[in-house]
Amino acid sequence: MDPAYAKDLNMMWMDHMVYNTLVETDEQLHTIPSLAKSWEVNETGLTYTFHLRGDVYFQDNPLFQNGKGRRMTAQDVVYSFSRIIDPKTASPGAWIFNGHVAAASPFLAINDTTVQVNLREPFRPLPEILSMAYCNIVPREVAEHWGKDFRNHPCGTGPFMLNYWDEDNALGLLRNPHYWEQDSTGRQLPYLDAVQVSFIDSKASEFLLFMQGKIDFINGITGASKDIILSKDGSLKKEYLGKFTMHVSAYLNTEYIGFLTDTANPVMHGEPTANPLVRRAINYAINRKKIVTYFKNGMGIPATQGFIPAGMPGYDSAAQYGYDYNPAKALQLLAAAGYPNGKGLKPITALVPNNFEDIVNYVASELQEVGITLNIEIIQPNVLKQQMSRGQALCFRAQWLADYPDAETYLVFFNSHFPAPPNYTRFSNPIFDKWYDESLNLPDTARWRLYRQMDSLAMSYAPIVPLYYEKLLHFYQNNITGFRSNPMNIIDLKRVEKK
């Protein structure tokens with residue numbers, strides 16, 4: 001419940017209910033005002049100025065005068081952002097500012113309702129970054145009073161307040177009676193009096209409770225539950241029509257298989273995946289449509305247009321630089337690499353988390369058809385991340401979720417100036433890096449055009465095999481209205497009503 005540590009989806013959801021950021025991302029991925037009414041960037045692209053609302057108050061707290069919530073000011077923004085990059089905080093979100101903001105006076109309160117963010121170099125996605133949960137605004141006196149225990153005593157400006165928290169069991173939130181936001185008719189938000197969040201380890205148990213009407217909303221389904229209610233085309237089976245509401249939308253998540261490309265690394269000596277022709281052959285040998293149909297029940301889009309996922313500004317649905325299913329082309333590339341029909345090709349070992357084993361087994365069967373042997377080694381996700389970060393994973397199964405609604409969050413994955421994360425493949429190309437630097441101070445349309453060129457260039461070297469762009473799948477009961485979410489799967493309960 002401390003936004004400085006909001007590194008996973010569950011944390012982001014809770015913090016989105018208790019706190020606010022300067023800007024938000026709506027359902028169409030537009031960056032819209034929240035605590036900031038408006039903002040502008042100067043001609044150099046180095047200074048962003050945000051104009052804050054003057055009518056926002058923190059939730060009531062004993063540490064405020066008379067226990068009443070005090071007004072949020074620009075000083076709170078400066079404190080919240082500075083706290084993220086303070087080494088003593090050890091926030092996993094420090095990377096969003098480190099390397100981008102100026103060394104001296106990165107955050108300045110000009111007056112109570114005006115705050116500036118000063119950058120080292122132009123970085124056009126800054127407003128999008130400020131919509132991340134790390135950037136929720138907290139009050140200094142409460143955060144400093146509780147220190148590391150602030151997580152148990154959250155205080156924000158958001159629509160709901162913490163009521164109780166039985167860790168690993170349930171968390172209760174109450175409506176903030178002084179919340180600043182209203183709907184289009186002037187009615188104060190949020191509508192709900194309370195929200196209860198249940199912590200259930202098993203997705204099967206969660207689905208059963210939902211079907212029994214004991215839970216109002218669940219995020220996605222897996223395994224047998226998916227096959228029970230969904231047809232292979234992703235539609236609800238007729239016996240479940242009308243029993244609940246299912247909402248499907250784009251999700252900024254690309255599932256992929258990655259290859260280490262740093263040929264100077266001793267672990268790559270003699271490895272066939274050091275050759276881009278072999279990596280391209282692997283890309284052509286996989287039928288992504290079958291993966292989406294038979295393993296995802298249609299809840300995905302075959303990733304044949306590159307790394308940038310469907311739904312992200314900069315994605316090109318007509319792109320010709322991805323890889324479709326073409327085993328004949330795969331065989332041609334293998335022959336050009338010196339491995340006709342796979343003859344003489346050393347087996348490739350893929351490191352795979354156990355929850356993705358089925359899809360990679362299918363990929364292995366597809367590759368065998370063109371003479372490529374793919375062995376699978378099941379590994380714990382945290383161990384896999386360590387090996388990917390250390391450059392010890394030659395081939396690995398992973399996913400890349402958008403941190404913010406700008407395709408730069410995907411393309412930084414290929415920038416040789418960055419370590420791992422994000423550059424797990426150690427891809428290095430001077431033209432790509434040059435285009436990346438140029439893109440950071442371009443207006444939207446020109447930036448998106450260059451993003452596509454960068455995606456195309458990276459894909460031509462095939463450091464990864466994009467498998468599919470995932471879709472969001474939400475279920476809620478028929479008596480629930482007003483539920484909203486965006487393609488990064490941040491849910492918004494402010495306008496939810498339960499009839």
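Before any of the text, the structure's been laid out above.
Residues numbered from 1 in each chain as written. Predicted model: local features only at pLDDT ≥ 70, side-chain atom pairs only at ≥ 80, totals over all residues. Heavy atoms only, no water.

Both strand β7 (residues 160–166) and strand β8 (residues 170–175) contribute to a ladder of six bridges, which runs antiparallel. Each residue of the ladder has a partner; that of Asp166, found in β8, is Ala170. Here β7 hands over to β8 after three residues, with Asp168 in that stretch at a positive phi of 70 degrees. Across five bridges, β8 lies against strand β9 (residues 194–198) in antiparallel orientation. Across the sheet, the residue bridging to Gly172 is Gln196, located in β9. (Pairing = 2+ DSSP bridges. Helix = DSSP H or I, 4+ residues; strand = E, 2+ residues; numbered from the N terminus.)

Pairing is antiparallel in the open sheet, where four strands are placed in the order β3-β4-β6-β5. Among the strands making up the open sheet, the edge pair consists of β3 (36–41) and β5 (107–111). When strand polarity is set aside, the average angle formed by the axes of neighbouring strands in this sheet is 20 degrees. Pairing of β3 with strand β4 (residues 47–52), which is carried by five bridges, proceeds in the antiparallel orientation. Within β4, the residue paired with Val41 across the bridge is Tyr48. (Axes fitted to C-alpha atoms, helices over the stretch in contact; angles between N-to-C directions.)

Here the focus is the pattern of salt bridges. Considering all chains together, one arrives at 23 salt bridges under this definition. A salt bridge links Glu141 to Arg70, with the shortest nitrogen-to-oxygen separation between them at 2.7 Å. Taken together, the positions of Glu141 in helix α4 (residues 140–146) and Arg70 in the loop between β4 and α2 (74–85) put the pair 71 residues apart, joining distant regions of the chain. Overall, Arg70 belongs to the partly exposed group, its relative accessible area being 24%. (Salt bridge = Lys/Arg side-chain N within 4 Å of Asp/Glu carboxyl O. Buried < 20%, exposed > 50% of the residue type's maximum accessible area, 1.4 Å probe, protein only.)

The omega torsion across Ala420 and Pro421 is -10 degrees, close enough to zero to call that bond cis. Take Pro421: it is sitting in the loop between α12 (408–411) and α13 (430–439). The peptide bond linking Pro421 to Pro422 adopts the cis configuration, its omega dihedral lying at 5 degrees. Structurally, the position occupied by Pro422 is in the loop between α12 and α13. Not every positive phi belongs to a glycine, and Asp168 is a case in point at roughly 70 degrees. Mapped onto the elements of the fold, Asp168 is located in the loop between β7 and β8. A positive phi angle, near 55 degrees, is found at Asn341, a position not held by glycine.

Here we have three strands laid out as an open sheet, ordered β7-β8-β9, and antiparallel in their pairing. Either end of the sheet is taken by a strand with one partner, and the two such strands are β7 and β9. Averaged over neighbouring strand pairs, the angle between their axes works out to 20 degrees when direction is ignored. Along the sheet face, helix α1 (residues 9–18) touches β7, β8 and β9 and points at about 20 degrees away from the line of β8. (Contact = heavy atoms within 4.5 Å.)

Structurally, Asn253 can be placed in strand β11 (residues 245–259). At 2.9 Å, the side chain of Asn253 forms a polar contact with the side chain of Glu255. Among all residues touching Asn253, those that are not within four sequence positions of it are Pro309, Gln399, Trp400, Leu401, Tyr410, Tyr468, Tyr469 and Glu470. (Polar contact = N/O pair within 3.5 Å; in protein donor to acceptor, adjacent residues only side chain to side chain.)

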